[in-house]
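Summary of structural features
If you want the building blocks of each chain, they are given just below.
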Amino acid sequence: MIFVKDKDIVIPGDILAENEYHTGRGTFKEENKICSSVVGLIAIRNKKISVIPLQSKYIPKKGDVVIGEITDIRFSMWNLDINSPYSGILPASEVFGKEKRELNSVFNVGDVLFLRVVDVDEVKKVKLGLKGRGLGKFRDGILISITPTKVPRLIGKKGSMINMIKDHTKCEIVVGQNGVVWVKGEPAMERIAEKVIKTIEKEAHTSGLTDRVRDMLSELCGEEKEETPEKENKELPE
Amino acid sequence: MIIIIINNNKRADGRDFNELRPLKIEAGVLERADGSAYLELGGNKVLVAVYGPREFYIRRMQRPDRAIIRCRYNMAPFSVEDRKRPGPDRRSVEISKITSEALKPAVFLEKFPRSTIDVFIEILQAEGGTRCAGITAASVALADAGLPMKDLIVSCAAGKANGQVVLDLSEIEDKEGEADLPVAIMPRTGEITLLQMDGHLTPEEFEKALDLAIEGCNKINQKQKEAIKKRYGE
């Protein structure tokens, strides 16, 4: 017995199905009824019912790549804010190996890093690392935070959505699984990227979003393009 | 000549014994809170903000196996006719405590060990039954914050005024009536998470009032569901 359709909006406590179905993310079983535990959209994949939350906090998971900001320097580690209920630690050994150096000569409070979650223990102590391709410190650019559950929507199928934004705005964009997005480009383009990313977050649960984002991008970037040729025309007669 | 109109079974404000005051709930009203709700029940106006789960800095209060819920119920100085002295008092400390205890059973706290969930309930205007309005709105705000919950919590009061068992007491009925019985339940299973009583009821009246309050809770629950769904455009 099933009481909902794919992509329905459900709220905590809604009864979704009975008996032969399995519980996925965002659901729980009570007696033989499967209930929703969050506000979200239904996703049914062969007899497994999940609810994709519309809003959530990032819970660190081993192997994730995240963007974090350094909040404190301790004796042998850095503390980082990773937009989560749990702060992360970056041990000095992850950066220097066995070598001993001053911590603040490498990273300082306020620096923004791209990191990998190396380990999360049972009391949610989050150990971070910098080993891997593309990991390290960001210079300049802006940070935008979105709800972590909407990260897949922002990236799109095989990166279609994010590549579209990159192509239109000519910005470098890095998305952390914790919902923090780093954007670097021309200031005007950064603002456009921010606006588009916020729109995607707001409308993530609606259909036909890719097309709307494409229209929005060409409209916003189109205005920019129109302005530049005008300036060039004015300069030419001189 | 003085004509006294006795409208049978009708109350001072013209309601039936089992009639709620007009109710309006809106979810997601605050931009910077993780979850929020605004509720109007008759003359009550309540604003709730939820922050969290977030990192908890008070070490000795941290729970290694689950999150804790901290509530603050606060009445604005202008919420009642005579100015209320601002700041916590005995009554608001009690309501803060019972609110957090009423909400606790519904939230899957074990999913967020060592963290805290902060609930701020601000009473902008009071007209009797603010603790119930606060709990009802707080539960909507918790759901809006995306917290995993077993069910919504819904709260409603019943009581006895003018010798009659009635639902959803207004301020006058609360002050001059014989008894007040606030109840909070999880509507799907019918589990009771809050039950207080102030005044005197016979066992029969108590049963009747409890049934009436649960009936009222189920009505309010429909509005809660509508409010959350409306937030995401349905």
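From a predicted model like this one, the values you see are computed outputs, not experimental measurements.

In this section: the overall build of chain A. Across its full length, chain A holds five helices and 16 strands. Residues classed as buried in chain A amount to 47% of the 238 residues present. Restricting the contact set of chain A to residue pairs at least 6 apart, pairs at least 24 apart contribute 58%. Carbon and sulfur atoms make up 49% of the accessible area of chain A, which amounts to about 13000 Å² in all. Distance between charge centroids for chain A: 7 Å, based on 39 positive and 37 negative side chains.

Contact residues are listed per partner, giving 29 residues for chain B and 24 residues for chain A. Summed over both partners, the interface of chain B with chain A comes to about 2300 Å²; 58% of that surface belongs to carbon and sulfur atoms. Per-residue buried area on chain B facing chain A is highest for Arg114(B), Arg188(B) and Tyr232(B); these three make up 27% of the total on that side. The interface formed by chain B and chain A holds two salt bridges in total. One salt bridge in this structure joins Asp34(B) and Lys57(A), with 3.3 Å as the shortest N-O distance. The interface formed by chain B and chain A contains nine residue pairs in polar contact (both at pLDDT 80 or more). At the level of elements, β3 (44–55), α2 (130–144) and α4 (203–231) of chain B are the ones that each hand at least two residues to the side of chain B that touches chain A. When the residues that make up the side of chain B that touches chain A are grouped by side-chain class, the tally is twelve nonpolar, four polar and 13 charged.

Turning to α2(B), a few remarks are in order. Residue and element names in this part refer to chain B. The terminal C-alpha atoms of α2 lie 21 Å apart, and with 15 residues this matches the ideal 21 Å at 1.5 Å per residue to within 8%. Of all 15 residues in α2, 15 are buried, a share of seventy percent or more. Just past α2, the residue Gly146 takes up positive phi, approximately 80 degrees.

Looking now at the sheet that holds strand β15 (residues 172–175) of chain A. Residues and elements named next belong to chain A. Spatial strand order, β14-β16-β15: three strands in an open sheet with antiparallel pairing. The open sheet terminates on both sides in strands that have one partner only, identified here as β14 (142–145) and β15. Strand-to-strand twist across the sheet, computed as the mean angle between neighbouring axes with direction ignored, equals 20 degrees. Where β15 meets strand β16 (residues 180–184), four bridges bridge the pair, whose relative direction is antiparallel.

Residues and elements named next belong to chain B. Within the secondary structure layout, Glu110 lies in the loop between α1 (90–103) and β5 (115–125). Separated by 44 residues in the primary sequence, Glu110 and Arg66 place their C-alpha atoms 4.1 Å from one another. Beyond its immediate chain neighbours, meaning those up to four positions away, Glu110 contacts Asp65 and Arg66.

Moving on: the confidence of the model for chain B. On average, residues of chain B score 93 in pLDDT, and 96% of them are at 70 or above. Predicted as a complex, the structure gets a pTM of 0.90 and an ipTM equal to 0.86.

Residue and element names in this part refer to chain B. Secondary-structure assignment places Leu195 in strand β9 (residues 191–195). In this structure Leu195 comes out as partly exposed when scored by relative accessible area, which is 41%. Non-local contacts of Leu195, meaning those with residues more than four positions away in its chain, are made with Leu181, Pro182, Val183, Phe206 and Leu210.

Before going further, it helps to spend a moment on the packing of aromatic side chains. Scanning the model with the defined rule gives six aromatic pairs over all chains in all. Considering the side-chain rings of Trp78(A) and Phe107(A), the 5.4 Å spacing of their centres and the 65 degrees angle between planes classify their relative orientation as edge-to-face. Placement of the pair is Trp78(A) in strand β9 (residues 77–81) and Phe107(A) in the loop between α1 (92–96) and β11 (112–120), with a sequence separation of 29 residues. A residue is classified by how much of its surface remains accessible, and Trp78(A), at 0% relative accessible area, is buried. With a relative accessible area of 8%, Phe107(A) lands in the buried category. Ring geometry for Tyr51(B) against Phe120(B): centres 6.0 Å apart, planes inclined by 75 degrees, an arrangement best described as edge-to-face. You can see Tyr51(B) sitting in strand β3 and its partner Phe120(B) sitting in strand β5, a full 69 residues away along the chain. The class for Tyr51(B) is partly exposed, based on a relative accessible area of 26%.

How each quantity is defined
Residues numbered from 1 in each chain as written. Chains lettered and ligands numbered in written order. Predicted model: local features only at pLDDT ≥ 70, side-chain atom pairs only at ≥ 80, totals over all residues. Heavy atoms only, no water. Helix = DSSP H or I, 4+ residues; strand = E, 2+ residues; numbered from the N terminus. Buried < 20%, exposed > 50% of the residue type's maximum accessible area, 1.4 Å probe, protein only. Contact = heavy atoms within 4.5 Å. Areas by Shrake-Rupley, 256 points an atom, 1.4 Å probe, with all protein chains shown as cover. Lys, Arg positive; Asp, Glu negative; His and termini not counted. Charge placed at Lys NZ, Arg CZ, Asp CG, Glu CD. Buried area = accessible area lost by both parts, 1.4 Å probe. Salt bridge = Lys/Arg side-chain N within 4 Å of Asp/Glu carboxyl O. Polar contact = N/O pair within 3.5 Å; in protein donor to acceptor, adjacent residues only side chain to side chain. Nonpolar A, V, L, I, M, F, W, Y, C, P; charged D, E, K, R; others polar. Expected span 1.5 Å × (residues − 1). Pairing = 2+ DSSP bridges. Axes fitted to C-alpha atoms, helices over the stretch in contact; angles between N-to-C directions. pLDDT = per-residue confidence, 0-100. Phe/Tyr/Trp six-rings, centres within 6.5 Å; stacked < 30°, edge-to-face > 60°.

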